[in-house]
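The chain contents come next:
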Amino acid sequence: MNAVLEVQGLHKQFKQGERTIAALQGVDLTLAPGELVAVMGASGSGKSTLLHCVAALTQPTAGQIRFQGGKDVASLTDAEATRFRRDEIGLVFQAFNLLPTLTVDENVQLPLLAAGRAPAAGQVDALLQRLGLGERRGHRPDALSGGEQQRVAIGRALITEPALILADEPTGSLDSVTGASIMKLLSELCREQQKTVLVVTHEAAVAQWADRVVVFKDGRNLAELREESAEALSVAYQRAVAGEGATP
Amino acid sequence: MGVVARLSLAEVRQRPGRLVVTALAVVASAAAVVWVVSGYDALSESMDEVGEAYHGRYGAWISVEEGGAPAPKLLELLRADPAITRVDAVQQLQVVVSGPAGTEPAGPWTPTVGDAYGGEGAYMDGDGSADRHDHERPPVLVGTDAPEPPRALVAGRWLGDAPGAVISDHLAERLGADVGTTLQVKVDQDELPVEVVGVVKEVIASTVIGETVSDLTGARDPRRGDGPAAGAVYVRPAELERLVGHALHTNLLCLELRHGADLAGLHARWSERLKPAASLLSLADLKTALSESASTKATRNQAYAATAVSLLAALFIIFAALSMGVTERARELAVLRAVGISRRQTAGLILAEALGLAGVGWLGGLAAGWLLLLVAASDAAVAHHASLGPAAVALSGVCAFVGSLAAAVLPAWHASQVDVVQTLAGRRAVSAWRWLPHSVVLGLALVSLTPLILRVLPLEDGLRAALAGASLITLCLGFLCLCPGLIWLVERVCGPALAALLGLPAPLLRAQLSANLARTVGTCTALTVGLGLFITIQVWGYSMLGPFLPGRWTPPGLVSIPTCIAVQELPDYAALPGVERVVPLLVEQPRLADDVTDMQQKGESVVRQNNVILLGCDPSGPALAGEHPLFALDFVQGSREEALAKLLQGRHVIVPDHFVRETGLGIGETFRLIPPTSPTVTVEYTIAGVVALPGWHFVTKNAGLRRRLPRAAALTFTSAEDLRRDFGLDPTRIDLLGFELAHPFTERELRDTLEPLAERANGNLSIMTPSAIDDSLRTRTDAILWGVSQLPLITLLVTSLGVINAIVASIRARRWELGVLRAIGVTRGGLVRLVLAEALLVGAVACALSLSLGLSASWAGVSLAQFISFFGGLAPPIVIPWAKILACTGGTLLLCLVAGVWPAIQIGRSDTLELLQAGRGSR
């Protein structure tokens, strides 16, 4: 089966004052269709940088990122990168990043509107119903709870029916119960719609929803874990970070 | 350094761009004040100089009415007055003078359409700019027995007992004459020589002085002058009698005063005693009158208006800038409050920033204004004085500091009210939209006050005018309150259209402006100060022009011949090539015996005067009767047939509609007139009909129908027979002809047609064609309105700097939003278009606000003018010069677009990730 995403030998360096930071140092990662993968690591481990590179928000220093076996994402022009983000992937941010002046309905449709396209008949209705936002479509973000806002953000990521969803700490601004409901939703959508989801997180409770967990440390993939419970995953993660029984 | 100062400086370091742009706007506003007010300073400085140059060595003079020659006893009494050292009796008369061969003869001034503005029209611009040049001034023969010249002698000698003339240096230059030159002086048909024996300095008199003197003396006789004559040919009285053919009454008594003479005492002794046949006017009176003259007042008002406009512009720009600062720094302000900074200190922070802006703006404005004046003074083509006077310094300071502090009040209060917990928790403040309905209702209530006062409430005229004047302020406040509603409307109406035009998602433009309402209101209102004022001036100006444009009733041509032609010469005129029809007419300008126009109570106006013009014609002749009468009168009361029948009965008159409106008289009612030749009797005329006579003011002025007084209450029509009988007009002479040529003609063509016979009238013909008046009025109005529109346009330019501020702040506040848009697939071009669309929407709101305010204010201005101004009694319809208004609103949109270009490019070039990461904190 063809991989949705293939990352090979990815390096990313950037300057911070006089210092050069190596955020990614030869990362390899492959995502199969319909797979939910979590990248777990401490702050500064390079997991968000990986996500930004994959989303063509920043260019890697070296390495390749192939989406559905096509052109290297790293070599996309600015216009191509914009189209790639708009048509091929969906982005979910930790801070929701909804536009406060738009309604739920409009926030969800925004990528289509930006492309000058209209949603298919009933598409928005169905999506909002699926997200449990059917009654809230006319509201503005400041009238919604954190969980609702993140569901709107997920809806916005799904509206263009992308093959890949990238979620950066999607539960970082939510309490544990709401966070769990969001991850459950992502997991269900992944299965129902055969979406590939790459989640970046530092929480085992989030990562436990993934089919597999890639552990990052100092810009490298340190280990790959498959645990059933959050507790077991947490223990395995601690051990991997500590250098015990790593499975690269 | 105190904490407030430290924090203020930190803000300056943080956002130097905004400080520079805002300070630039204040600098430009203050510089505009300096530029305009310096004109007033210069005028004030030159007032004494001008008055003394006009008076010469005389400290006062007495202007004597025609027929009111001073009795010898009066002269004796004057000479005995302790304040007076000498009295020189002077007789003056406009004449034609020609110099050596090859020079053009200088003749009495023949008014042309353009000249008409030098008198009455001057009120339209009020700056006295319509002064005639010296070379156009009519020469005046001055008979005097003065032993010394009135002004410095520059060549030759002063008059002695021997015949000879002393002329002014300007006239000498004009005629190419010098001492020893023989001049030809022509009076009526006779031309006699006189030798120049000396040359004196010219009387320096502008039209402003001429009008001021006329106002003070009551404009006795324009052909003889009310004061010292410019372009003078001084001769002894005996020589004058020889040249004129008969003795002239003294029309001026020039008084030499003792040093330190008590002028108040002189006035007390003589003013009342001389009335009504003469008036005493001293140098001090002239200076006082000049300082209170319409021109001086207009210049002073211009200075105040410039200050007010610039103050408002500075106020709204600074308000918008400070509001942005408070909104953007809400989190920082909350932290400051959390660590112990008091509410007062927080408010002080904003006030300190405002004062800083004011200081920089004022000093910069003074420097910039001074440089502008220096540049202008070095340009000979621009008559501007490089004078940074006290008024300019003070008023620019008022503009900068009052504007800044007023602008800081609301932002300072907002800053002091920041909710620490809510703000630090990142919760949005209560939406300003909550207040929208209240604001709209309040705005509508305030705006409706003006029409209520002007049209609905039963008020006495004086109170109505006073309240309506005050309501102009509530009108402006009302539109300020309506601004948020207008923003809401424009976002919903123009937003989607603009989005479609620019290929943007419509929802993105629905709340661009309202996201920070205070900022948008401030920016749009600042733009409205200039654009709204421009629209008001244009609409008011062109609306007020309407009644002055000749209507359909105007004959194709009117030719006035003050020197008259004999009745038997009429066929010669009719026989001229191309002449289709010549209609003889008579004209007289008698005073009204009673104050029927209520001029004393309501004040003088364009239709409230103490006299009327009577146009005499044959009621059954081609002037008024027949299928194609020369005057195609439009009757608004009565009918032509009835009116002409009454005119034939005698002592009936057709009057204009404004006359019946002002006097309250109607058909069948009478008014009394005083024949100028028999001031002790009155004659009574009955109104036979009422007609509409748009444009009669300039028709009468240009056709030379105002024979005795510069203004009249109305142009009226009566029977020529009545006119001859009641007013003593010579039945063998004609002084006015109505003309019609075989084809449509211009004033030039009519003048050319009459050329063969012009010599008979000493070349002294006043020719009027409606098209010439129309063209000239429109050209002149364009020029005047352009002149007064420059300040609003400069203000508009200055306030567009505020748009840059607003757009930059808007972008700064929404960086993360723009990052999100880039992240979900909006292109860089899309972001650029989005920012430009925001700038255009700001412009659209400003245009909508300016149009609403401008049209309302100009309507109020036109209505108000009927009660208080010189236009009192006129009721012109509103005329909207759409082409000019659309050009200016289009220009405003372009300015806003240009103001948005740099911020748009900046944001378009930004890195998406940086926008997402760095912008979040600015929320």
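All residue numbers here refer to positions counted from 1 along the written sequence of the relevant chain. Lettering of chains starts at A and numbering of ligands starts at 1, both following the order in which they are written. Per-residue local features of the predicted model are confined to residues with pLDDT of at least 70, and side-chain atom pairs are confined, for both listing and counting, to 80 or more; whole-chain, interface and lining totals are unaffected and use all residues.

A short note on the overall build of chain A
- Strands here are runs of E lasting at least two residues and helices are runs of H or I lasting at least four, both read from the DSSP assignment and numbered beginning at the N terminus. Along the backbone of chain A there are eight helices and nine strands.
- What the globule rule says is 2.2 Å times the number of residues to the power 0.38, and the radius of gyration is computed from C-alpha atoms. Relative to its length of 248 residues, chain A is compact, with a C-alpha radius of gyration of 18 Å against a globular reference of 18 Å.
- Once the C-alpha set of chain A is aligned to its principal axes, its extents read approximately 50 × 45 × 40 Å.
- Here a residue counts as buried when 20 or more other C-beta atoms sit within 10 Å of its C-beta, as exposed when there are 12 or fewer, and as partly exposed otherwise, the C-beta atoms being derived from the backbone. When burial is assessed residue by residue, chain A has 50% of its 248 residues classed as buried.
- Taking the contacts inside chain A whose residues are at least 6 apart along the sequence as the reference set, 68% of them involve residues at least 24 apart. Each residue is represented by a C-beta atom placed from its backbone, and any two residues with such atoms within 7 Å are regarded as in contact.

So, the overall build of chain B
- From N to C terminus, chain B includes 29 helices and 22 strands.
- Residues classed as buried in chain B amount to 52% of the 923 residues present.
- Pairs at least 24 apart in sequence give 85% of the contacts found in chain B among residues at least 6 apart.

Focus: the interface of chain A and chain B
- Taken together, the contact between chain A and chain B spans 24 residues of the former and 21 residues of the latter.
- Those elements giving two or more residues to the side of chain A that touches chain B turn out to be α2 (78–87) and α3 (104–114) of chain A.
- Of the residues in the side of chain A that touches chain B, the class split is eleven nonpolar, six polar and seven charged. In the scheme used here, Gly and all other residues not listed as nonpolar or charged are polar, with Ala, Val, Leu, Ile, Met, Phe, Trp, Tyr, Cys and Pro taken as nonpolar and Asp, Glu, Lys and Arg as charged.

Considerations on the nonpolar core
- Working definition: the nonpolar core is a set of buried Ala, Val, Leu, Ile, Met, Phe, Trp, Tyr and Cys residues, joined through C-beta atoms within 7 Å. Ranked by size, the top nonpolar core spans 303 residues in total, and within it V54 of chain A together with I318, L841 and V845 of chain B carry the most contacts.
- Ignoring sequence-local partners within four residues, the contact set of V845 of chain B consists of L486, I487, V490, L513 and C524 of chain B.
- If you look at the next biggest cluster of nonpolar residues, it comprises 50 residues, including V90, I167, L171 and L281 of chain B.

Considerations on helix α4 (residues 123–130) of chain A
Residues and elements named next belong to chain A.
- Of the residues making up α4, those classed as buried are V124, L127 and L128. Each buried residue of α4 sits inside an arc of 95° when the element is viewed along its axis, so together they form one side.
- The elements touched by buried residues of α4 are α3 and α5 (146–158).
- A positive phi of about 75° marks G132, the residue just after α4. By definition, the arc is the one covered by directions from the helix axis to the C-beta atoms.

Quick word on the environment of A79 of chain A
Residue and element names in this part refer to chain A.
- Relative to the elements of secondary structure, A79 occurs in helix α2.
- On the neighbour-count criterion, A79 (11 C-beta atoms within 10 Å) is exposed.
- Residues A79 and T196, 117 residues apart in the sequence, show an inter-C-alpha distance of 24 Å.

A few points about the sheet that holds strand β8 (residues 212–217) of chain A
Residues and elements named next belong to chain A.
- Here a strand pair is declared whenever DSSP counts at least two bridges between the two strands. Ordered by their spatial adjacency, six strands build an open sheet running β5-β6-β7-β3-β8-β9, and the pairing between neighbours is mixed. The sheet is open, and its two edges are formed by β5 (89–92) and β9 (220–225), each paired on a single side. Put simply, the sheet's adjacent strands are angled 20° from each other on average, direction ignored.
- As paired elements, β8 and β9 share five bridges and run antiparallel to each other. Looking at β9, one finds that V213 is bridged to L225.
- Axis geometry follows a simple rule: fit a line to the C-alpha atoms, using only the stretch in contact for helices, then measure angles between N-to-C directions, giving values from 0 to 180 degrees. Set on the sheet, helix α1 (residues 47–54) makes contact with β3 (36–41), β6 (164–168), β7 (196–201) and β8; between it and β7 the angle comes to about 145°.

Thoughts on unusual backbone geometry
Residue and element names in this part refer to chain B.
- In this structure, D598 is a non-glycine residue whose phi angle is positive, near 60°.
- Take D598: it is sitting in the loop between β14 (591–592) and α19 (599–602).
- On the basis of neighbour counts, which here come to 15 C-beta atoms within 10 Å, the residue D598 falls in the partly exposed class.
- Located in the positive-phi region is R651, a residue other than glycine, with phi close to 50°.
- Looking at where R651 falls in the secondary structure, it is placed in the loop between α20 (640–649) and β17 (652–656).
- For R651, a count of 18 C-beta atoms within 10 Å gives the class partly exposed.

Some details on the pairing of strand β10 (residues 252–257) of chain B
Residue and element names in this part refer to chain B.
- The buried fraction of β10 is high, at five of six residues.
- For strand β1 (residues 60–64) and β10, the ladder comprises four bridges, and the chain directions are antiparallel. Pairing of S63 across the sheet is with L252, part of β10.
- Where strand β2 (residues 84–94) lies against β10, six bridges are found, and the strand directions are antiparallel. Counted as the bridge partner of V90 is L252 from β10.

Observations regarding the sheet that holds strand β1 (residues 5–16) of chain A
Residues and elements named next belong to chain A.
- The strand order across the open sheet built from three strands is β2-β1-β4, with neighbouring strands paired in antiparallel fashion. Strand pairing shows two members of the sheet lacking a second neighbour, β2 (19–31) and β4 (62–67), which therefore form its edges. Along the sheet, successive strands turn relative to each other by an average axial angle of 25°, direction set aside.
- Relative to β4, β1 runs antiparallel, the two being bridged by five bridges. Across the sheet, residue H11 finds its bridge partner in β4, namely A62.
- The strands that α1 touches are β1, β2 and β4; relative to β1, the one it contacts most, it runs at about 115°.

So, the confidence of the model for chain B
Residues and elements named next belong to chain B.
- pLDDT gives the predictor's per-residue confidence on a scale running from 0 to 100. Here chain B shows a mean pLDDT of 80. Residues at 70 or above account for 83%.
- Every residue in residues 108–135 is under pLDDT 50, and counting partners more than four places away or in other chains gives 62 contacts.
- A low-confidence stretch, residues 380–384 stays under pLDDT 50, and its non-local contacts, those more than four residues away or across chains, total five contacts.
- The complex prediction reports pTM at 0.70, with the ipTM value standing at 0.80.

Thoughts on helix α13 (residues 390–416) of chain B
- Expected helix span is taken as 1.5 Å per residue step, with the number of steps being one fewer than the number of residues. Across its 27 residues, α13 of chain B extends 37 Å between first and last C-alpha, which sits within 8% of the 39 Å expected from 1.5 Å per residue.
- The largest bend along α13 of chain B measures about 35° and falls at V409 of chain B, with the proline P411 of chain B one to four residues further on. Fitting one axis to the seven residues ending at a residue and another to the seven starting there, the bend at that residue is the angle between the two axes.

So, the environment of I535 of chain B
- Along the chain, I535 of chain B falls in helix α17 (residues 517–545).
- When the 29 C-beta atoms within 10 Å are taken as the criterion, I535 of chain B is described as buried.

Concerning the packing of α17 of chain B against helix α28 (residues 882–909) of chain B
All names here are of chain B.
- Two numbers describe how α17 lies on α28: the axes approach to 10 Å, and their chain directions differ by 170°. Comparing the axis directions of α17 and α28 gives the class roughly antiparallel. Taking contact as the criterion, the partners of L527, L531, F534, I535 and Q538 in α17 are, on α28, K884, I885, C888, T889 and T892. Angle categories: roughly parallel below 35 degrees, roughly antiparallel above 145, roughly perpendicular from 65 to 115, and oblique for all the rest.

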